[in-house]
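Below, each chain spelled out in residue letters.
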Amino acid sequence: MWNALTSLNYSRKHGATSKNCTLSLSIRDWDIVTWKQVGHPLVGTLIASASSDSHSRLRWPSDRQDIAIFQHSALWTSDVTIHIDGKHVLSGGCFARETGINGTFPLLISCPFAILSAAKAQISISKILALNTKPVTILTLNCASSTIFANRSRAKLEQMLWEDALLDAQKVIELEPLSHVGYQLKHMALHGAQRYIEAIEALKVMHAKLVSAHNLQTRKLRNKSISPSEVGSVIRKAIILRLDSAPLRLLDTTTGLLCDREAQISAFKTSIEYNGLLSSIMAYPDLPLDRIKDTVAMYFRYVMLSHRWGENEPLLHDIQDKVVYKLKGAGGLTKLQSFCKLVRHLGYHWAWVDTCCIDQSNNVELQKSLNSTFVWYRFSALTVVYLSDVPSSSKSGALAKSAWNTRGWTVPEFLAPKVIRFYQQDWTLYLDDHSPNHKESVEIMLELEDATGIDAHALVAFQPGMRDAREKLQWASSRVTTVPEDIAYSLFGIFGIQLPILYGENAQNALGRLLQEIIARSGDITALDWIGQPSEFNSCLPADITSYAAPPCALPYLSEDEIQTAVSSLRYTMAMDEASKFYNQLANMSYPRFTNCRLRLPCIIFPVTEVRRRSGATQETLFTYGVKADGLDDLLITTEEKLIQFSRFRPTRQTFLLVRAWDRRLLELPDFADDAESLGGWSEPESLDGSPGEEELADPEFYSQALRLIARLGQPFGAFLLAQQRTGEYKRIASDHDIIAQVKDVTSVHSMMDIRTLEIL
């Protein structure tokens, strides 16, 4: 389609005027005196004019210089136009017949100018500017400008015609070898064609041209560009930031080689992604940092494997400096090869398997890896769960029965990832579910919920931290690990903590260190709620994770209406100052602390006044005792330990206490849950010097708060039986069931006023 960029103009000796041509609706006029367009402006960079001296001209509006001059055989020219892409010219005189003349504009290609005479043809005048019945015989050029090639190169770049744009850029370089413009256009064309290495070389030359330019303004352009070394530094920072949350070693799914961090970075620097990014930033130094981060993140996406270890699993030394795909073997090696091929097929560069991607002989690396595993799974692009004992085409329920569901390490491996897919024995998708993320499959998540006892919402959107510590411990209570200490180590990431990995310390010590950290950091004492054998680490902690298998003791819960009723009743029997002092004493209690395996536990204390053995124990190893304590109803306790029997009339030197571990949540402070999530530990409460001020004592709202607390403390609670040791500390006497105690008279606050922090071994 012919498209007018300019109009008819008549040149005269003393100036020029502008006149509309009536043959075409697409014509617009230019006044060559004012160089302003008459009518609506059109997109374009050239002005074409026809004058009465039989010449047509092409000009630049910016400097008003002639680019080309065309001479006609007619007495005078009346119209001229160029095609919108600058390739063709039509011009003509004042003749009546409609004949088109097609020519090739010489400044846009590197060949002699030629005019071809066209036969008579009927052409719509809405598309034609110039009409002529006689062929043009003479066309001459005024000059050849590199600017024409530069502009056409830019036009080709906009059309993504990279090779054509490159040819024009080369012509600019030939015509203006000292200019940076040609190399800039060459870079853009090569970059668009994804010939990034050549594009970078073009940019290097462009930088050199800018530096050596005589024009100061041109040299200043160098400050707006960036060198390859500078770009490399920016990209490397983005790489280091990305790899900070990635495994130390990864398998290159393309080459089959195991790569450390530097090898991963080297592989990236030879990739098309890196060179494309390098080329982009060198040309556009203000490229958004997010673009760099996104490119780096996309390349370094990795896939994690969650599986049950089998026989002949390859270790790091088995595959180091070897191509995984070329190794021969069975069992674990076949699994490794199949996994890498699957990851490569899915379009990912990197894969990780715990068996061979960790140097287990290097203690420092092992420490970092085990403490980072949860984070690595968290930031993986995908986690593949391989169910080696689930045959192909299995029905729903096979996942729940898989041995994978019994292992300790698999708990964080399916909780941490955001995207997960389950594969069967033959590496086909479980239930033939081809969705990109099986965490979005209701059927699979419900099956996993039934198998693990973990709520489906937690399975899909798990957040690590201290919240609901007792529930998380219950999740792991039925799991097993080959190495005893791993049952504790596997939970580090779930609670968001890092501790030394000390293989050989024994399972009790490993679990004790974990529980100690949970209590000390969060103040959550629900981890003390267990049934079983006491730990050698501390008697308030269990010896084994299985002690958390039973759900926490379900105690009566007061509704808001019941609390209000109790508060109303307490107002008649309890003085304001007495209730307020009691509240403040509890509010000022310190938080639970561990020091050298000793637990400093704030408690409400009820001294034991009598211990008597009862006959009829159900097992020979268990002993049942009737226990009485000041302020509490009598109760029965069954334990494996033999206790000293005593009463008020036959006292003993050893002191026994029934205690209620102080739970700050009873204060109903809004910030408790938030503090429990903090990994920075608890801060000690500010002291109120033991007693409230007069204004506070008289505050009705504070009085109501105190009465609400007393009403809650009047409910049944889980108690601990403690026996004092010769050195003054206490030990917890483990029971085979929860010890549920009940305050005799909630209105007798004095019976609960023995509030202390006890040191428990």
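Note that the structure is a prediction, hence the values are computed from the model and not measured.

J.: Explain the pattern of salt bridges to me, using residue names and the numbers behind them.
T.: Applying the stated rule across the entire model yields 20 salt bridges. Salt-bridge contacts for Glu-163 lead to Arg-195; the nearest nitrogen and oxygen are separated by 3.3 Å. You can see Glu-163 sitting in helix H2 (residues 162-175) and its partner Arg-195 sitting in the loop between helix H3 (181-192) and helix H4 (196-212), a full 32 residues away along the chain. Notably, a salt bridge pairs Arg-600 with Glu-759, separated by 3.7 Å at the nearest N-O pair. Within this pair, whereas Arg-600 is found in strand E19 (residues 598-614), its partner Glu-759 is found in strand E27 (residues 755-760), the two being separated by 159 residues in sequence. According to the relative accessible area criterion, Arg-600 is partly exposed, its value standing at 39%. Residue Glu-759 is classed as partly exposed on the basis of its relative accessible area of 25%.

J.: Would you mind going over the nonpolar core in detail, with residue names and values included?
T.: With 126 residues, the main nonpolar core has Ile-235, Leu-251, Phe-422 and Phe-495 as its most contacted residues. Residues contacting Ile-235, with those up to four places away along its chain left out, are Phe-268, Tyr-274, Leu-277, Leu-278, Ile-281, Ile-292 and Val-296. With 48 residues, the next largest nonpolar core counts Leu-586, Phe-623, Leu-632 and Ile-755 among its residues.

J.: Describe the packing of aromatic side chains, listing the residues and the values that go with them.
T.: Aromatic rings in a pair are described by how distant their centres are and how their planes are angled relative to each other. Taken as a whole and assessed by the stated rule, the structure comprises 19 aromatic pairs. When the ring of Tyr-299 is compared with that of Trp-350, the centres are 6.2 Å apart and the planes differ by 75°; the resulting orientation is edge-to-face. Taken together, the positions of Tyr-299 in helix H9 (residues 289-299) and Trp-350 in strand E15 (residues 350-352) put the pair 51 residues apart, joining distant regions of the chain. The class for Tyr-299 is buried, based on a relative accessible area of 6%. Residue class for Trp-350 comes out buried when judged on its relative accessible area of 0%. The rings of Phe-268, Tyr-274, Tyr-299, Phe-300 and Trp-350 are connected pair by pair, giving a single aromatic cluster. In this arrangement the basic side chain of Arg-732 is found over the ring face of Trp-530, its NZ or CZ atom lying 4.4 Å from the centre.

Rules used in this analysis
- Throughout this document, residue positions are counted from 1 along each chain, in the order its sequence is written.
- Only residues with pLDDT of 70 or above have their local features reported here, since the model is predicted, and side-chain atom pairs are shown and tallied only from 80 upward, although totals for entire chains, interfaces and linings are computed over all residues.
- Calculation of side-chain values draws on the structure's entire complement of heavy atoms; hydrogens and water are dropped beforehand.
- By definition, a salt bridge exists where a carboxyl oxygen of Asp or Glu is found within 4 Å of a side-chain nitrogen of Lys or Arg.
- Strands are runs of DSSP state E lasting at least two residues, helices are runs of H or I lasting at least four, and both sets are numbered from the N terminus onward.
- Exposure classes here rest on a 1.4 Å probe applied to the protein chains alone. A residue is buried below 20% of its type maximum, exposed above 50%, and partly exposed in between.
- Here, nonpolar core means buried Ala, Val, Leu, Ile, Met, Phe, Trp, Tyr and Cys residues that are tied together by side-chain atoms lying within 4.5 Å of each other.
- Should any heavy atoms of two residues lie within 4.5 Å, those residues are counted as being in contact.
- Any pair of Phe, Tyr and Trp rings, taking the six-membered ring for Trp, is counted once the centres come within 6.5 Å. Such a pair is stacked with planes under 30 degrees apart, edge-to-face with planes over 60 apart, and tilted for the rest.
- Counting as a charge over the ring demands two things of the Lys NZ or Arg CZ atom: a distance within 6 Å of the ring centre and an angle within 35 degrees of the ring normal.

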